[in-house]
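# Survey of secondary and tertiary structure
Spelled out, the chains give:
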Amino acid sequence: MEISRHWRLKKQRYALIGEVCPHCEAKIFPPRDVCPECGDEAKTEFAFSGRGKVYSYTTVQNAPQGYADAAPYTVALVQLDEGPMVTAQLTDLGSQKVEIGMPVEMVTRRLRSEGDQERGMLVYSYKFRPAEFQRLAVAAD
Amino acid sequence: MDIIIAGIGQTPVGEHWELSLREIAFHAMQEAMREAGELKPQALYVSNVLAAQLSGQAHLGTLLADFAGLRGVEACTIEAGGASGGAALRAALQAIQAGHVDTALVVGVEKLTDKIGPAVENALATTLDADYEAVHGLTPTAQAALLMQRYFHEFSPPEYALGGFPLIAHAHGAGNPNAMFRKAIKESLYQRAGMVSAPLNMFDAAPDADGAAAVLLARADLLPPDLPKPPVRVVGSGAATDTLAVHDRPDPLAFRAARLSIERALHQAGITRQQVDFFEPFDAFSIYAALSLEAAGFADRGQGWQWAQEEKIGLRGELPMMTMGGLKARGNPWGATGVYQVVEAVLQLRGEAGENQIPNARVGMVQCLGGPASTAITHILARD
Ligand SMILES: [Zn+2]
């Protein structure tokens, strides 16, 4: 059951595929088939650019099962350039200090560790890392 | 039709390793039924969030009706995350209002200590959006921390601006025999507290714990003249939802459902918020207390933190809050929390709140939240 659930979500998780409303052009993520802006049906697929900015962030110390190996980790609300906001982990931070407003870009990474209750199945998904120019600036310091 | 609370019951909140879920629930139910004297419940509404996951037990309605000697009554579980207690109370009110039953018993019960650590975090995280929040390792605490971080960024309150909420809650908890923490804490302790999910520290989060609380409702016209306790009326009830995932909101710092549920409850009661004598908010996290005050209209946007002081919300303050310790000091037994809040408000309105009694309490407002006001349910209680 869990396997089919993660399989169903792979387009969203791997490629940030959402929807665009054919009536009002609102960009929708995650896909929800009813446009939250105008209430009409919206089923047209739309691939998000994966670029956005940090709206807020925090550090998780007490992690749920399957995430404990990665703790502490940083979780953020990321406002995508196209409008919608997503919850996602930040990664590849290195010495980069996280700040609200920081530009980030999507990468695909492993979310859950092996050997958890799902019999070792791996779940991959989007995470966000500092945008390229941001990383270069830190490296040059 | 007038509906009254004829009986209340509660167990001390804490870690009850020695008691099972059915035993702590029964303790609260029995107390409420004893207070109500001759009135027998015709329906049982159980509020619970985690029993299926942590105790391997679903079907609590029948379990608890059976265990409490109520075999035959109708019974079921109501779940709305952290707002389950308010939702169960509302279901009971609706059943009586509709004429299906004359009396109903509401019991909120949670048994968190059957499991420990990551398993509990896992269970709590099921109240988030599983596919788009929890899967990213988000927990309810981290979600509150995201809002707190953004709040400080947008409104720039002083660094320890929210500390007054837990400090006052702990001071009030000292006078509540059923509270998990019964000791006031110093401001310096708050300021030195370790981070749970920065900027949220260990005093910004209410402790999850075991507990059970119950109320028995009845049609006012059925009240026997010799009711042992002064009746408290439920004069308003309002419920509302927002997006489940906090990232789907145009403005995550506006607790829209909290505002809607209060407006609906006040409207039904036919009063304004200025007529409320005390407010039991859902202070699962300090930031929720601030955002709830703003949503209720007591504070302007970004100014809720200014209420975190004794003159405002202390027992002799402008609008006493968390009068028996709130979630922070009483503890947060999830499904039971909303019922505890009502029980505590009834104690205030009856004049039975002991050293925590606020003077001239006639109207109390009680609000419980599922998540960051993803669900919000508000009740207004009054004594004659
Ligand atoms: Zn639209």
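Residues numbered from 1 in each chain as written. Chains lettered and ligands numbered in written order. Predicted model: local features only at pLDDT ≥ 70, side-chain atom pairs only at ≥ 80, totals over all residues. Heavy atoms only, no water.

## Here's the deal with the overall build of chain B
Condition: Going along the chain from the N terminus, every DSSP run of H or I of four or more residues is numbered as a helix, and every run of E of two or more is numbered as a strand. It is over C-alpha atoms that the radius of gyration is taken, and the globule rule equals 2.2 Å times the number of residues to the power 0.38. Each residue's exposure class comes from its accessible area (1.4 Å probe, protein chains only) as a fraction of the maximum for that residue type: buried when under 20%, exposed when over 50%, partly exposed otherwise.
Looking only at helices and strands, chain B features 13 helices and 11 strands. Taking 384 residues into account, the globule formula puts the C-alpha radius of gyration at 21 Å, and chain B, at 19 Å, falls close to it. Seen through its principal axes, chain B has C-alpha atoms that stretch 55 × 45 × 40 Å. Expressed as a percentage of the 384 residues in chain B, the buried residues total 65%.

## Comments concerning the interface of chain A and chain B
By a widespread convention, an interface's size corresponds to the accessible area lost as its parts come together. Stated formally: Contact between two residues is taken to exist if any of their heavy atoms lie within 4.5 Å; hydrogens are not considered. Buried area counts how much accessible surface, traced with a 1.4 Å probe, disappears from two parts once they are put together, with both parts' losses summed. Think of a salt bridge as a Lys or Arg side-chain nitrogen and an Asp or Glu carboxyl oxygen that are within 4 Å of each other.
At the interface, 36 residues of chain A touch 30 residues of chain B. Each partner contributes to the roughly 2800 Å² buried at the junction of chain A and chain B, and carbon and sulfur atoms together form 55% of this total. Connecting chain A to chain B are one salt bridge. Arg32(A) is the partner of Asp248(B) in a salt bridge, and the nearest nitrogen-oxygen pair spans 2.8 Å. Breaking the side of chain A that touches chain B down by element, the ones donating at least two residues are helix H1 (2-8), helix H2 (10-15), strand S4 (51-60), strand S5 (73-80), strand S6 (85-90) and strand S8 (123-130) of chain A.

## Considerations on unusual backbone geometry
Residues and elements named next belong to chain A. Going from Phe29 to Pro30, the amide bond is cis rather than trans, its omega being -10 degrees. Its location among the elements puts Pro30 in the loop between strand S2 (27-28) and strand S3 (44-47). Along the chain, Ala71 connects to Pro72 via a cis peptide bond; the corresponding omega equals -5 degrees. Locating Pro72 in the fold gives a position in the loop between S4 and S5. Unlike most non-glycine residues, Asp33 shows phi in positive territory, near 65 degrees. By secondary structure assignment, the location of Asp33 is in the loop between S2 and S3.

## Observations concerning the domain arrangement of chain B
Residues and elements named next belong to chain B. Going by this rule: These domain boundaries are the output of an automatic or database domain assignment.
Split into domains, chain B comes out as domain 1 (3-116 + 208-222) and domain 2 (138-201 + 234-382). Taking only C-alpha atoms into account, the centre of domain 1 sits 23 Å from that of domain 2. On the domain 2 side, the residues contacting the 41 residues of domain 1 number 30 residues. Between domain 1 and domain 2 lies a buried interface of about 2700 Å² when both sides are counted; carbon and sulfur atoms form 66% of it.

## Let's talk about the sheet that holds strand S1 (residues 17-20) of chain A
Convention followed: A strand pair is defined by DSSP finding two or more bridges across the two strands.
Here three strands make up an open sheet; going across it, the order is S2-S1-S3 (chain A) and the pairing antiparallel. The sheet is open, and its two borders are formed by S2 and S3 of chain A, each paired with just one other strand.

## So, the sheet that holds strand S8 (residues 232-241) of chain B
Residue and element names in this part refer to chain B. Condition: For every element, the axis is a line fit to its C-alpha atoms; helices are fit only across the contacting stretch, and the angle between N-to-C directions ranges from 0 to 180 degrees.
Reading across from one edge, S3-S2-S4-S7-S1-S8-S11-S10-S9 is the order of the nine strands in this open sheet, with mixed pairing throughout. Each having just a single partner strand, strand S3 (74-78) and strand S9 (278-280) make up the two edges of the open sheet. Mean inter-strand twist for the sheet, computed between neighbouring axes without regard to direction, equals 25 degrees. On top of the sheet, helix H13 (residues 334-350) reaches strand S1 (3-10), strand S2 (43-47), strand S4 (103-110), strand S7 (211-219), S8, S9, strand S10 (363-370) and strand S11 (375-383); it is set at about 60 degrees to S7, its chief contact.

## What to know about the packing of aromatic side chains
Counted only if it meets this: Stacked, tilted and edge-to-face are the three classes assigned to paired rings of Phe, Tyr and Trp, where Trp is represented by its six-membered ring and a pair needs centres within 6.5 Å; plane angles under 30 degrees give stacked, over 60 edge-to-face, the rest tilted.
According to the stated counting rule, one finds 14 aromatic pairs over all chains in the structure shown. With 5.0 Å between their ring centres and 85 degrees between their planes, Phe46(A) and Phe48(A) make a pair best called edge-to-face. Taking the relative accessible area as the measure of exposure, Phe48(A) reaches 6% and is therefore buried. Ring pairing ties together the aromatic residues Phe29(A), Phe46(A), Phe48(A), Tyr126(A), Phe128(A) and Tyr132(B), which thus form one cluster.

## Looking at the environment of Cys368(B)
Residue and element names in this part refer to chain B. Within the fold, Cys368 resides in strand S10. Placed 84 residues apart in sequence, Cys368 and Ala284 show a C-alpha to C-alpha distance of 9.5 Å. Once you skip the residues sitting within four places of it in the chain, Cys368 turns out to touch Gly82, Ala83, Gly86, Phe282, Gly338, Gln341, Thr375, Ala376 and Ile377.

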